[in-house]
Amino acid sequence: MSSALSTPQRILILPFEPYRDVATPELEDRIRAIKAEMGETLLILGHHYQQDEVIQFADLRGDSYKLSQLAAESETCRAIVFCGVHFMAETADILSRPEVEVYLPDMAAGCSMADMADLDAVEAAWADLGEVVDTDDLMPVTYINSSADLKAFCGRHGGIVCTSSNARAVLEWSFARRQRVLFFPDQHLGRNTARRMGIPLAAMCLWNPREPLGGNTPAALRDSRVLLWRGHCSVHQMFKPAHVAQFREKFPGIRVLVHPECMMSVVDAADLVGSTEFIIKTISEAPAGSTWAVGTELHLVNRLAAEHPDKMIHFLSPMVCMCATMYRIDLSHLAWSLENLAQGTPVNRIKVPDETSHWARVALERMLEVR
Ligand code: 13P
Ligand code: SF4
């Protein structure tokens, strides 16, 4: 029998609770230390909606499209710690090299929009639609804000993924191949993009997954070009056309810049629409002294205002519209995740099952090729 002394010590997972009470400067020092220790084997990716305290530690930051590309192109890391939400970490797992492990500092960092469509509901919709239209001529397009199994559904059915920055190119790709598109889960991105391509609203049906035929008549479905899943982003839904009107009245000459997850009436009233990366670029290149109202998540708008003191940057809504799930990734969770990773007890690994990963990758690679 081996003595207690010769028994190798099992390292225990560091529990999260004590991290809540650690002061910010100490958490920052500890995160810096882990980053220095792990060097190029660690890649921290951060989405633009992350809080300043977290985004400062991201090695690379971006919108959903850029973060997918960065994960696909990463060459030296063995671990990606994703400061963003669950579907982004899943996408990084699918697109990164097989030996890379992806971690999400807080598993509760989901996306309420992504949760509005699940595989059972989309498969049921597909079967229902098959009774009325030819599904061989129907292109499934999922917004990247969706679970991996919905991306895999698209991969299996000849479909594709899109992001807010390439939705138009993806719809053009789709219509070059098929007559009709089923777009999920964000009705607003689908509608805003199709409208700008010249597709009339009369050729779009809203698909309510709780109703037979999505709440549509067979004739309306047969006449349609785009079927829009009834999903939305609760953050971007807070911006209203009245807010645009109020800013225009108060600041004549103001430019209004919004994310395409905003409803159509807001996008129509705005001057410019685009992804978070587009919003950042537009503000960065704007002349000093220009005035802007920006309709997207609060942390990004506040950061833009702080980084561009020579420009007047307003948040488009009088309400606080922040993404509560992005906000779950805080310094405590980041430090907890990194310290467990460094001591060999990683927590919250995001691992998409192989079969799902394969087909989701097919749909994501189609997207990466389109641009
Ligand atoms: P972007 O791809 O524009 O960064 O958008 C992601 C998102 O979730 C917006 O709500
Ligand atoms: Fe999802 Fe909206 Fe948050 Fe983006 S802002 S991650 S769409 S809930």
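Each chain has its residues counted from 1, running along the sequence as written. Just so you know, chain letters begin at A and ligand numbers begin at 1, following the order they were written in. Note on the predicted model: pLDDT of at least 70 is required for a residue's local features to be given, and 80 or more for side-chain atom pairs to be given and counted; whole-chain, interface and lining totals, by contrast, use all residues. Side-chain figures throughout are based on the complete set of non-hydrogen atoms in the structure, without hydrogens or water.

(A) Summary view of the site of ligand 2. As a structural note, the neighbourhood of ligand 2 is formed by Tyr49, Cys111, Ser112, Met113, Asn145, Cys233, Val235, Glu261, Cys323 and Met326. In a pocket analysis with a 2 Å cut-off to the grid points, ligand 2 is assigned to the largest pocket. Each residue gets one label: Ala, Val, Leu, Ile, Met, Phe, Trp, Tyr, Cys and Pro are nonpolar, Asp, Glu, Lys and Arg are charged, and the others, such as Gly, are polar. The class makeup of the residues in the shell around ligand 2 is seven nonpolar, two polar and one charged. When we say a residue is near a molecule or strand, we mean one of its heavy atoms is within 4 Å of it. A pocket, in this scheme, is an open set of points on a 1 Å grid over the protein atoms alone with protein on both sides within 12 Å along at least 5 of 7 lines, while a cavity is a set where a 1.4 Å probe fits but cannot get out; residues line either one if an atom lies within 4 Å of a point. To qualify as sitting in a cavity or pocket, a molecule needs more than half of its atoms within 2 Å of the grid points.

(B) Up close: the sheet that holds strand 2 (residues 60-62). Pairing between strands requires that DSSP locate at least two bridges from one strand to the other. To qualify as a helix, a DSSP run of H or I must reach at least 4 residues; to qualify as a strand, a run of E must reach at least 2; elements of each kind are numbered from the N terminus. In spatial order, the strands read 2-1-3-4-14; together these five strands make up an open sheet with mixed pairing. Pairing within the sheet leaves two strands with one partner each, and these edge strands are strand 2 and strand 14 (349-350). Where strand 3 (residues 79-83) meets strand 4 (residues 101-103), three bridges bridge the pair, whose relative direction is parallel. Within the sheet, the bridge partner assigned to valine 81 lies in strand 4 and is tyrosine 103.

(C) Looking closely at the packing of helix 7 (residues 167-177) against helix 8 (residues 187-196). Only the stretch in contact is used when a helix axis is fitted, and all axes are lines through C-alpha atoms; the angle between N-to-C directions ranges over 0 to 180 degrees. The interhelical angle for the contact between helix 7 and helix 8, taken along N-to-C directions, is 70°, at an axis separation of 10 Å. By the angle between their axes, helix 7 is roughly perpendicular relative to helix 8. Side by side, helix 7 and helix 8 meet where Ala167, Arg168 and Leu171 of the first sit next to Leu189, Gly190, Thr193, Ala194 and Arg196 of the second. Per-class residue counts for the contact of helix 7 with helix 8 are four nonpolar, two polar and two charged. Angle categories are assigned with fixed cut-offs, so that under 35 degrees is roughly parallel, over 145 is roughly antiparallel, 65 to 115 is roughly perpendicular, and the rest are oblique. Here, two residues are considered to be in contact whenever any of their heavy atoms come within 4.5 Å of each other.

(D) A look at the pairing of strand 1 (residues 42-47). Extensive coverage of strand 1 is indicated by the burial of six of its six residues. Pairing of strand 1 with strand 2, which is carried by three bridges, proceeds in the parallel orientation. Bridge pairing links histidine 47 to glycine 62 in strand 2. Think of it in three bands: residues with accessible area under 20% of the maximum for their type are buried, residues over 50% are exposed, and the middle band is partly exposed, with areas taken using a 1.4 Å probe on protein chains only.

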